[in-house]
Amino acid sequence: MNIAKVVMAIMALAGILAMCSIGYAIAVGNVLGILGGIVLVIAVFGYAFTMKRKFRERGLL
């Protein structure tokens with residue numbers, strides 16, 4: 001398996017965990033946790049898409 005695909009799989013897992021953190025914060029009722037989770041999801045997805053573009057430019061994907 002290509003190292004780029006392993007990195008992208010790890011980023012996908014990070015995105016899933018960030019989305020789960022939003023659900024957990026909703027269940028607990030923590031508004032600050034909900035907002036933090038939303039910011040974390042946006043950051044993880046933004047970084048993953050940027051990384052994917054770089055991998056694609058280098059021909060690794």
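All values reported here derive from a predicted model rather than from experimental measurement.

Colleague: It is not clear to me how the pattern of salt bridges should be interpreted in this structure. Could you clarify?
Modeller: Summed over the entire model, instances satisfying the criterion amount to 1 salt bridge. With a closest N to O distance of 3.8 Å, R53 and E57 form a salt bridge. One end of the pair is R53 and the other is E57, both in helix α2 (residues 31–58) and 4 residues apart, which spans about a single turn.

Colleague: Sorry if this is basic, but what is going on with the environment of L17 here?
Modeller: In this fold, L17 is placed in helix α1 (residues 3–28). Along the chain, L17 and L40 lie 23 residues apart, while their C-alpha atoms are 9.7 Å from each other.

Colleague: Hey, could you run me through the UniProt feature "transmembrane region" (unreviewed entry) in the protein chain in this one?
Modeller: Feature annotation in UniProt assigns "transmembrane region" (unreviewed entry) to the following positions: residues 7–26 and 32–50. Along residues 7–26 one finds 100% helix and 0% strand; the C-alpha atoms at either end are 29 Å apart. Along residues 32–50 the backbone is 100% helical and 0% strand, and the end-to-end C-alpha distance reaches 27 Å.

What counts and how
- Residues numbered from 1 in each chain as written.
- Predicted model: local features only at pLDDT ≥ 70, side-chain atom pairs only at ≥ 80, totals over all residues.
- Heavy atoms only, no water.
- Salt bridge = Lys/Arg side-chain N within 4 Å of Asp/Glu carboxyl O.
- Helix = DSSP H or I, 4+ residues; strand = E, 2+ residues; numbered from the N terminus.
- UniProt positions renumbered as here; feature names shortened; annotations may be inferred.

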